[in-house]
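Topology and contacts: notes
Residue-level listing of the chains:
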Amino acid sequence: MRILFLVYHGFSEHSGISKKIHYQVKGLRENGHDVHLCYYDFSPEGHRCRYVNGQVIKDYGSGMVAAIRQRIGYDSVYDYCKKHQIELVYARCFQNANPWLIRFFKRLHKAGIHAVTEIPTYPYDQEFRNFEWKMRMGLKLDQLFRNSLYRQMDAVVTFSDAKEIFGQRTINISNGVDFDSIPLHHSQQPTASSQLHLIGVAEVHPWHAFDRVVAGIGEYYSQPPSSTPRHPDVYFHIVGGVHPHQMKEYFTPIIEKYQIQDKIIFHGTLFGDQLTEVFNMCQFAIGSLGRHRSGITVIKTLKNREYATRGIPFIYSEQDSDFDQQPYVIKAPANESPIDIRRILDFLDGFAMKPEDIRQTVEDLQWKIQMEKVVDVVFNHNTVES
């Protein structure tokens, strides 16, 4: 199968989204498909260019005119699809529905080329609530044209349980994992130690609600020691970028209220061995705890799968059918209450699963398996439940 994987932006070596896309492409190729990765980026000369597999297929030039041309010009992608006999275009939503994109997918449809678009988070409108005005205006444009856009598709790929999105049928899959890129967890802290180290990895947004953990640690230290013999020191390691507004709005007031500056460690962005080193300091991980803040109830987040692939137990608050019944998971209430640290301690006191046993439970979530579900639905007219 000849597949064009269409991305409306460039890549960053350290971006989780970039890594995910490359793992998806890898998964398709592992199934024997001929995958052409199409993306938009700047050339070394500063020109705005459309690339496929690292080769420029369209140079839009530089300046404001070039910026407009790349937003409305998809003829080069269409011509590439025709020339290389592409059978399926797999696009990744960038909340960028517009008349020119509609025209592009309409032409694909008339040419007999199948097309799907992956919407990573659905619904997503509420996530724009606190964004700058330019991004909110972009969302308004997307809202005007997205139903018309998705009518040109074979389906919408979603990690939710929705059966229809923007008037189009869905293909429900799970976010996947790449075993080759994620090492097994090896905690340096025994479960019965005098310290509990928690880790949360994310480019921090309000819907991660890490502030609920900070508040929980504050409450833990504000209470007298429990009658139980175990009352360890608790630390929370936050790995990833934290916008100054998020720090001021969600973290600093709680940290100062409880005077727990030494218990909350902001590492910034870490990768590779540095990230693994912090993971191995910790015994428990923090998933999303505030998806309700953006109006989401059901979602299959990438982070939950990455934690399980490492083999570390974790907590989250949304509905995720892949993990809701797993013995290495704690489900938090989907509200604003502080996370109960004593509950995590009691859970770990009786926890005995090994990292390799946790990883084994997500073998069917590897990208090779998840991406092939999309191809099966489009070309074999199968139905799929994630």
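Higher on the page you've got the structure.
A brief report on the enclosed structure follows. (Residues numbered from 1 in each chain as written. Predicted model: local features only at pLDDT ≥ 70, side-chain atom pairs only at ≥ 80, totals over all residues. Heavy atoms only, no water.)

Our next topic: the packing of aromatic side chains. Enumeration according to the criterion identifies 23 aromatic pairs in this entry. An angle of 90° between the planes, with centres 6.4 Å apart, marks the rings of Y8 and Y74 as edge-to-face. Of this pair, Y8 sits in the loop between β1 (2-6) and α1 (16-30) while Y74 is found in the loop between α2 (63-72) and α3 (75-83), placing the two residues 66 residues apart along the sequence. One exposure class covers both Y8 and Y74, and it is buried. Measuring from centroid to centroid gives 6.3 Å for F323 and Y328, while their planes differ by 70°, and the two rings are edge-to-face. Through a chain of ring-to-ring contacts, three or more aromatic side chains come together here, namely F279, Y307, F314, Y316, F323 and Y328. (Phe/Tyr/Trp six-rings, centres within 6.5 Å; stacked < 30°, edge-to-face > 60°. Helix = DSSP H or I, 4+ residues; strand = E, 2+ residues; numbered from the N terminus. Buried < 20%, exposed > 50% of the residue type's maximum accessible area, 1.4 Å probe, protein only.)

Across the sheet, six strands lie side by side as β12-β11-β10-β13-β14-β15; this open sheet has parallel pairing. For this open sheet the edge positions go to β12 (264-268) and β15 (329-331), each flanked by a neighbour on one side alone. On average, each strand axis in the sheet is inclined to that of its neighbour by 25°, with strand direction left out of account. With seven bridges joining them, strand β10 (residues 195-201) and strand β11 (residues 233-239) adopt parallel strand pairing. Bridge pairing in β11 links L198 to F236. Its contacts with the sheet place helix α10 (residues 341-349) against β10, β11, β13 (284-286) and β15, and it is angled at close to 110° to β10. (Pairing = 2+ DSSP bridges. Axes fitted to C-alpha atoms, helices over the stretch in contact; angles between N-to-C directions. Contact = heavy atoms within 4.5 Å.)

Here the residue pair Y122 and P123 is connected by a cis peptide bond, since its omega of -5° sits within 30 degrees of zero. As for its placement among the helices and strands, P123 is situated in the loop between β6 (114-119) and α5 (133-150). Unlike most non-glycine residues, N53 shows phi in positive territory, near 50°. Along the chain, N53 turns up in the loop between β3 (48-52) and β4 (55-61). We classify N53 as partly exposed; its relative accessible area is 39%. The phi torsion at F166 lies on the positive side, around 50°, for a residue other than glycine.

Okay, the pattern of salt bridges next. Scanning all chains against the criterion turns up 17 salt bridges. D178 is the partner of K26 in a salt bridge, and the nearest nitrogen-oxygen pair spans 2.9 Å. In this pair, K26 sits in helix α1 while D178 sits in the loop between β9 (168-172) and β10, placing the two residues 152 residues apart along the sequence. Residue K26 is classed as partly exposed on the basis of its relative accessible area, which comes to 28%. (Salt bridge = Lys/Arg side-chain N within 4 Å of Asp/Glu carboxyl O.)

Our focus in this paragraph is the side chain of Q283. Mapped onto the elements, Q283 comes out in the loop between α8 (272-279) and β13. A polar side-chain atom of Q283 sits 3.0 Å from the main-chain carbonyl oxygen of Q195. (Polar contact = N/O pair within 3.5 Å; in protein donor to acceptor, adjacent residues only side chain to side chain.)

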